[in-house]
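Structural overview for review
Below, each chain spelled out in residue letters.
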Amino acid sequence: MTSEAWWQSTELWAALLGVLLGFVLAEAKEAWARRRRRRAHWGALRAEIEFCRRLAETYVRDRVIAPLYRLPTTAYSQSFPALLSDAAVAETEVQSLMQFFSEVETLNRGLDLAQTARESGGEQALQAEFERNLLKATRLMSPAAGAENYYQPARAVVDAHV
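Report follows, based on the coordinates. The structure displayed is predicted, hence computed values, not measured ones.

Moving on, we come to the overall build of the chain. Per the secondary structure count, the chain includes 5 helices and 0 strands. Helices and strands appear in the chain in the N-to-C order α-α-α-α-α. Taking the principal axes of its C-alpha atoms as reference, the chain extends roughly 100 × 35 × 20 Å. A total of 162 residues make up the chain; the buried ones form 33% of that total. Counting contacts in the chain only where the partners sit at least 6 residues apart, residues at least 24 apart contribute 73% of the total.

So this is what it looks like as structure tokens:
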């Protein structure tokens, strides 16, 4: 039996190298999967922001007071919390995205109120809701000169990540 020191054992170093290699490979695989998930979430948010923008432009252009459609918030309700829990969103980015989607939700509520006013026959209430909804919709579109805009900052956030 040889009396070599424990650090000279080739079996020990081979085992340690195997453990280390296994750890590195597992971490790399998880990091790659996490990156793919994040990109999918950011892509879904970008698609939803663009769809909301197009619907807002349609609302302003067509001037249908109480349309049947509502702006989607599915990606926001699913992807945004996932990105937050993954610490993949900076504080300023959170503000831009929340501001855009809060306006989407208020426009949707406004469209519901316009539909209710339409059904009850209140022309003044219907016109008042329409004017409020036009203002909300313009905030969700590409910026116009001097207009408050939530689209551009939200789009810039997702473009930075996709």
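Glancing now at the packing of helix H1 (residues 10-62) against helix H2 (residues 74-85). The contact between H1 and H2 brings their axes to 9 Å, and the two run at 145°. Classified by chirality, the crossing of H2 by H1 is left-handed. When H1 is examined against H2, the residues Arg 38, His 41, Trp 42, Ala 44, Leu 45 and Glu 48 are found in contact with a partner set consisting of Thr 74, Ala 75, Tyr 76, Gln 78, Ser 79, Ala 82 and Leu 83. For the contact of H1 with H2, the residue count by class is 7 nonpolar, 4 polar and 2 charged.

Now for the pattern of salt bridges. Here the structure, examined in full by the defined rule, presents 12 salt bridges. One salt bridge connects Arg 38 with Asp 86, and the closest N-O pair in it is separated by 2.9 Å. Here Arg 38 is found in helix H1, whereas its partner Asp 86 is found in the loop between H2 and helix H3 (91-120), with 48 residues between them in sequence. Arg 53 is the partner of Glu 50 in a salt bridge, and the nearest nitrogen-oxygen pair spans 2.8 Å. Taken together, the residues Glu 50 and Arg 53, both in helix H1 and 3 residues apart, mark about one turn of the helix. The class of Glu 50 is buried, set by a relative accessible area of 12%. Shared partners join several salt bridges into a network, and the residues in it are Arg 46, Glu 50, Arg 53, Glu 57, Arg 155 and Asp 159.

With that settled, the discussion passes to H2. Here H2 spans 17 Å end to end across 12 residues, near enough to the 16 Å set by a 1.5 Å rise per residue. Every buried residue of H2 is accounted for by Ala 75, Tyr 76, Ser 79, Phe 80 and Leu 83. With its buried residues spanning 105° around the axis, H2 presents them on a single face. Across from the buried face of H2, at angles greater than 90 degrees, the exposed residues are Thr 74, Gln 78 and Ser 85. Elements in contact with the buried residues of H2: H1 and H3.

Parameters and conventions
- Residues numbered from 1 in each chain as written.
- Predicted model: local features only at pLDDT ≥ 70, side-chain atom pairs only at ≥ 80, totals over all residues.
- Heavy atoms only, no water.
- Helix = DSSP H or I, 4+ residues; strand = E, 2+ residues; numbered from the N terminus.
- Buried < 20%, exposed > 50% of the residue type's maximum accessible area, 1.4 Å probe, protein only.
- Contact = heavy atoms within 4.5 Å.
- Axes fitted to C-alpha atoms, helices over the stretch in contact; angles between N-to-C directions.
- Left-handed = near helix turned anticlockwise from the far one by under 90°.
- Nonpolar A, V, L, I, M, F, W, Y, C, P; charged D, E, K, R; others polar.
- Salt bridge = Lys/Arg side-chain N within 4 Å of Asp/Glu carboxyl O.
- Expected span 1.5 Å × (residues − 1).
- Arc of directions from axis to C-beta.

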